[in-house]
Amino acid sequence: MIYKFYKGCELTDGGYYVADQARYDYYLEDCTVYEDPEVISMAKSITTYLRHAVIVKDKKNVTLDFNGATVACHGRIQPFLFLNCENITVKNVKIDYDRPFYTQGKVLECDKEHIRFVPSKGFDCRVEDSYLYALSDTWEKNLNDWLPLFWLYDKDATQSKSIMLANIGKETFPLENPPMPVKQLLAEQEGDSIVLRGEFPEDWTADNNMVLITHEPRDKNSFVFIGCKNVVMGGIQLLSGAAFGTVALRCENVFVDGYHIISDYDGNERMICANADGIHTYNCRGQVRIRNCYMEGLLDDTVNVHGNYLRISKVDGQTLTLICDNTELDPNMKMILPGDRIAIYHQRTQKQNGLFTVTAIEPDAGSRGYRCTVQEPTEHLVSGDVVENMTAQPEILIENCYFGKFRGTMRLQSRGKTVVRDCVFDNEIVSMIFTGDTTYWFESSPVNDVLIENCRFPHTQFGPRIGIYGEVDFTREHDTYNKNITIRNCWFEQGRILEANHMQNLVFENNESDGQMEILLRECRNCQISGAKVITE
């Protein structure tokens, strides 16, 4: 049945909803707060429930066709939230915000002790008593109550300098386990320009550079799918997002075809589309297919597909208390489901202590983790052993995509068969990473079967294009992490194109370059490399 889409319309199973307006403006009063701890589980620092423009819950066989319309959000609004849906399609829609949730400006002066910049059009700010406030018509943000992340970019070359974290203002707010040192800056207003004084990276200069400052939690994601099955997205344009473009939590089968993230449209001065990832999946299963996409202007990963490692803190018969050591994620995120198969490893190594079937699991408020009951005997397990979900291992296909300027790293971390073909990686920072760690992010898993073919990797002058790493504790008997990666019929610029550590079975064949290709291998085994110089350590 075909229905007209309008703001606030009630959706029914089997409905095909078509938009008949060119633009839908959503203000706070048009939106609904949905209070579910899992919705804000992507970061422990997120404690406030947002308003959502469109909420779809417990629906089947629903299509939202916006026919090219723009959904424009005015304020702290999350555009789309889908919960426990099956066979859900959203297509032909543009996402925009009245004021982006970051601040940018043209750098006039910069040295190791100060930076002077003029905010770009549409990025209003004010200074008060050493504090810097970002302004919009619906919100005001003190850039000291959420640690801003600073980037410096050459606008024409789209080349980034060093990044830094900083408080702006007199007060200091400590951050638990920050990924880098936190600076302290003081703000001054001088005419139309803003001056920040403190300590800045040595490679920062004023030459043709723009400063970008992110200052909001990663909670205003454009599309959020939780516990959904058979998600289809197509004809999406993310003109301005607030955090992640799309987030999928514990979904089965996510299909994306035609997802365009474009910063320079309609003559605007915005450099960034979103201050986080383009597409980010947590603990999904089935298949993740991403085809015919164009992504640029992201301050984090283009695509990140991963699970999460947990750690045993207590063994009580068949019940295990599990902790997520990632300081960002909240245990209300359902990383493991009843019926899942989990592998448990001796401490942080790859020595497997066995496979177990989960019969029950629930958040444990006392430990800020989970109480997980398994079917098999557990007497050989101890506190500190690491848990990996072996069911949440989707097959991945990335095909015919362009990944452009700014950060744009792709992270693929699944044991499922992974294919990346016919793509262009036109970013400066490392283009593709196969990793996993039990040290900081606690993201799983190693890859077991990867094919990369017919792709182009320019910009080798900025560093290796492909990184294959394992950040776990290695032993003599268990000394590898990723395995079975084939790279063929690709083109690289000359220079250091790939680095790998502790992997086995890398095949590099029939690849081309304008000059000498170089590959660095550390503690790797059974690698077949042709057409490139190999350096071993």
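Residues numbered from 1 in each chain as written. Predicted model: local features only at pLDDT ≥ 70, side-chain atom pairs only at ≥ 80, totals over all residues. Heavy atoms only, no water.

> Please explain the overall build of the protein as it appears in this structure.
Helix and strand content of the protein: zero helices and 51 strands. Over its C-alpha atoms the protein spans a radius of gyration of 23 Å, differing by no more than 12% from the 24 Å that the globule rule assigns to 537 residues. Counting only C-alpha atoms and orienting by the principal axes, one finds that the protein spans roughly 65 × 60 × 45 Å. Counting the 537 residues in the protein, one finds 58% classified as buried. Put simply, the protein shows about 20700 Å² of open surface, and 44% of that area lies on carbon and sulfur atoms. Measuring between centres, the 54 positive side-chain charges of the protein sit 3 Å from its 77 negative side-chain charges. (Helix = DSSP H or I, 4+ residues; strand = E, 2+ residues; numbered from the N terminus. Rg over C-alpha atoms; globule rule 2.2 N^0.38 Å. Buried < 20%, exposed > 50% of the residue type's maximum accessible area, 1.4 Å probe, protein only. Areas by Shrake-Rupley, 256 points an atom, 1.4 Å probe, with all protein chains shown as cover. Lys, Arg positive; Asp, Glu negative; His and termini not counted. Charge placed at Lys NZ, Arg CZ, Asp CG, Glu CD.)

> Teacher, can you tell me more about the layout of surface pockets here?
A probe matching the size of a water molecule, rolled over the atoms, marks out where space remains unfilled. Empty space within the second largest pocket amounts to approximately 340 Å³. Per-element tally for the lining of the second largest pocket: the top contributor is strand E5 (residues 51-57), with six residues. Looking at the lining of the second largest pocket residue by residue, the classes come out as 11 nonpolar, three polar and five charged. (1 Å grid on protein atoms, 1.4 Å probe; cavity = no way out; pocket = protein on both sides within 12 Å on 5 of 7 lines; lining within 4 Å. Points joined across faces, edges and corners; volume = space filled by probe spheres on them. Nonpolar A, V, L, I, M, F, W, Y, C, P; charged D, E, K, R; others polar.)

> When you look at the sheet that holds strand E32 (residues 369-374) in this model, what are you seeing that I'm missing?
Note on sheets: strands pair through backbone hydrogen bonds, and any given pair is parallel or antiparallel. The sheet built from six strands closes into a barrel, its strands ordered E28-E29-E32-E31-E30-E33 with antiparallel pairing. The mean angle between the axes of side-by-side strands here comes to 45°, regardless of whether they run parallel or antiparallel. Summarising the sheet, strand E29 (residues 319-323) and E32 pair through four bridges and their orientation is antiparallel. The residue bridging Leu-322 from the neighbouring strand is Tyr-370, located in E32. (Pairing = 2+ DSSP bridges. Axes fitted to C-alpha atoms, helices over the stretch in contact; angles between N-to-C directions.)

> Would you take a moment to explain the nonpolar core for this structure?
Taken as a class, soluble globular proteins show a tendency for nonpolar side chains to be buried jointly. Formed by 107 residues in total, the largest nonpolar core has its most connected members in Leu-64, Ile-398 and Ile-452. Element by element, the count of residues in this core is highest for strand E6 (residues 60-74), at six residues. In this structure, Leu-64 is in contact with Phe-5, Leu-11, Tyr-17, Val-54, Val-56, Phe-80, Phe-82, Thr-89, Val-90 and Lys-91, ignoring residues within four places of it in sequence. Counting 31 residues, the second largest nonpolar core, distinct from the first, contains Tyr-34, Val-224, Leu-310 and Met-333. (Core = buried A, V, L, I, M, F, W, Y, C linked by side-chain atoms within 4.5 Å. Contact = heavy atoms within 4.5 Å.)

> Honestly, the pattern of salt bridges in this entry has me stumped. Any pointers?
Enumeration according to the criterion identifies 33 salt bridges in this entry. For Lys-417, the salt bridge goes to Asp-449, with nearest N and O atoms at 3.6 Å. One end of the pair, Lys-417, is in the loop between strand E36 (410-412) and strand E37 (418-421); the other, Asp-449, is in the loop between strand E40 (443-444) and strand E41 (450-453), with 32 residues separating them in the sequence. Judged by relative accessible area, which is 32%, Asp-449 ranks as partly exposed. In this structure, the salt-bridge partner of Glu-537 is Arg-522, at a minimum N-O distance of 2.9 Å. (Salt bridge = Lys/Arg side-chain N within 4 Å of Asp/Glu carboxyl O.)

> Help me out: how do you make sense of the side chain of Asp-330 in this one?
By the secondary structure assignment, Asp-330 is in the loop between E29 and strand E30 (341-345). Its relative accessible area of 12% is what places Asp-330 among the buried residues. Polar contacts involving the side chain of Asp-330 include one to the side chain of Asn-332, which spans 2.7 Å. Within the structure, the side chain of Asp-330 is placed 3.3 Å from the side chain of Arg-368, a separation counted as a polar contact. Setting aside residues up to four positions removed in sequence, Asp-330 forms contacts with Ser-41, Lys-44, Met-335, Arg-368 and Tyr-370. (Polar contact = N/O pair within 3.5 Å; in protein donor to acceptor, adjacent residues only side chain to side chain.)

> What am I meant to see in the side chain of Gln-104 here?
Structurally, Gln-104 can be placed in strand E9 (residues 102-110). Here Gln-104 falls in the buried class, since its relative accessible area comes to 0%. When residues no more than four places from it in sequence are discounted, the contact partners of Gln-104 are Pro-119, Ser-120, Phe-123, Met-210, Val-211, Leu-212, Glu-269, Arg-270 and Met-271.

> Before we go on, may I ask you to explain the environment of Lys-59 in this structure?
Here Lys-59 is to be found in the loop between E5 and E6. Between the alpha carbons of Lys-59 and Leu-11 there is a distance of 7.9 Å; along the sequence they are 48 residues apart. What Lys-59 contacts, discounting residues up to four positions off in sequence, is Leu-11, Asp-13, Asn-84, Cys-85 and Glu-86.

> What is the right way to look at the pairing of strand E27 (residues 303-308) in this model?
For a regular strand, side-chain orientation follows a simple rule: the groups alternate between the two sheet faces. Most of E27 sits inside the fold, with six of its six residues counted as buried. Residue alternation in E27 divides its side chains into two sets, Val-303, Val-305 and Gly-307 and Asn-304, His-306 and Asn-308, and both sets are buried. Of the strand pairs in this sheet, E27 and E36 are connected by three bridges, and their pairing is parallel. Across the sheet, residue Asn-304 finds its bridge partner in E36, namely Arg-411. Bridge count for E27 against E40 is two bridges, and the pairing is antiparallel. Pairing of Gly-307 across the sheet is with Ser-444, part of E40.

> Got a minute to help me understand empty space enclosed by the protein in this structure?
Counted according to the given criterion, the structure contains one cavity of 30 Å³ or more. Reported here for the largest cavity is a volume of approximately 40 Å³. Taken together, Val-39, Ile-40, Leu-50, His-52, Gln-78 and Asp-219 form the lining of the largest cavity. Here the lining of the largest cavity is composed, by residue class, of three nonpolar, two polar and one charged.

> Help me out: how do you make sense of the packing of aromatic side chains in this one?
This structure, assessed with the given rule, holds 19 aromatic pairs. With a centroid separation of 5.3 Å and an interplanar angle of 80°, the aromatic rings of Tyr-97 and Phe-101 are classed as edge-to-face. Of the two residues, Tyr-97 and Phe-101, both sit in the buried class. Both rings, one in Phe-492 and one in Phe-508, keep their centres 5.9 Å apart while their planes meet at 40°; by these two values the pair is tilted. (Phe/Tyr/Trp six-rings, centres within 6.5 Å; stacked < 30°, edge-to-face > 60°.)

> Explain the environment of Ile-344 here, please?
As for its position among the elements, Ile-344 is in strand E30. Overall, Ile-344 belongs to the buried group, its relative accessible area being 0%. Along the chain, Ile-344 and Phe-356 lie 12 residues apart, while their C-alpha atoms are 7.8 Å from each other. If near-sequence neighbours (up to four positions away) are discounted, Ile-344 is found in contact with Ile-312, Leu-320, Lys-351, Gln-352, Asn-353, Gly-354, Phe-356, Leu-381, Asp-385, Val-386 and Val-387.

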